[in-house]
Amino acid sequence: MKETRVGRWLIYGLLEENTGCLFYIGKTHKRREHRLREHIEAATEGSPYPVHQHIREILTAGGSPEIFVLERVKPTDSWQA
């Protein structure tokens, strides 16, 4: 397995606040709060990606997406595994 080049990775999910439905799974080496802020900024700036379109719908309805960590991956492990 290939080692990661940065510190640890986070495998995270985005949830609809009102329903608790999972609508996205991603990975990042950033703090989860920072990554969520980036998703929201991309959505409000008109990004065409489906995840950002869905976030726009949530925001328009007066909600907010939530982020949670599914798994923390050590620097010596492969996030793909």
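Quick caveat: nothing in here was measured; it's all calculated off a predicted structure. (Residues numbered from 1 in each chain as written. Predicted model: local features only at pLDDT ≥ 70, side-chain atom pairs only at ≥ 80, totals over all residues. Heavy atoms only, no water.)

(A) Quick peek at the pattern of salt bridges. Scanning the model with the defined rule gives 4 salt bridges in all. Two residues, Glu33 and Arg31, come together in a salt bridge whose shortest N-O distance is 3.4 Å. On the accessibility criterion, Glu33 (37% relative accessible area) is partly exposed. A salt bridge links Glu33 to Arg32; its shortest N-O distance comes to 3.4 Å. When salt bridges that share partners are traced, they join Lys30, Arg35 and Glu38 into one network. (Salt bridge = Lys/Arg side-chain N within 4 Å of Asp/Glu carboxyl O. Buried < 20%, exposed > 50% of the residue type's maximum accessible area, 1.4 Å probe, protein only.)

(B) Focus on the nonpolar core. The biggest cluster of nonpolar side chains holds 7 residues, and these are Tyr12, Leu14, Leu36, Ala43, Val51, Ile55 and Ile67. Contributing elements (two or more residues each) for this core: strand E1 (9–16), helix H1 (32–44) and helix H2 (50–60). If we ignore the near neighbours within four places in the chain, the residues touching Leu14 are Cys21, Leu22, Phe23, Tyr24, Leu36, His39, Val51, Ile55, Glu66 and Ile67. (Core = buried A, V, L, I, M, F, W, Y, C linked by side-chain atoms within 4.5 Å. Helix = DSSP H or I, 4+ residues; strand = E, 2+ residues; numbered from the N terminus. Contact = heavy atoms within 4.5 Å.)

These results come straight from atomic positions and should not be treated as a statement about function.
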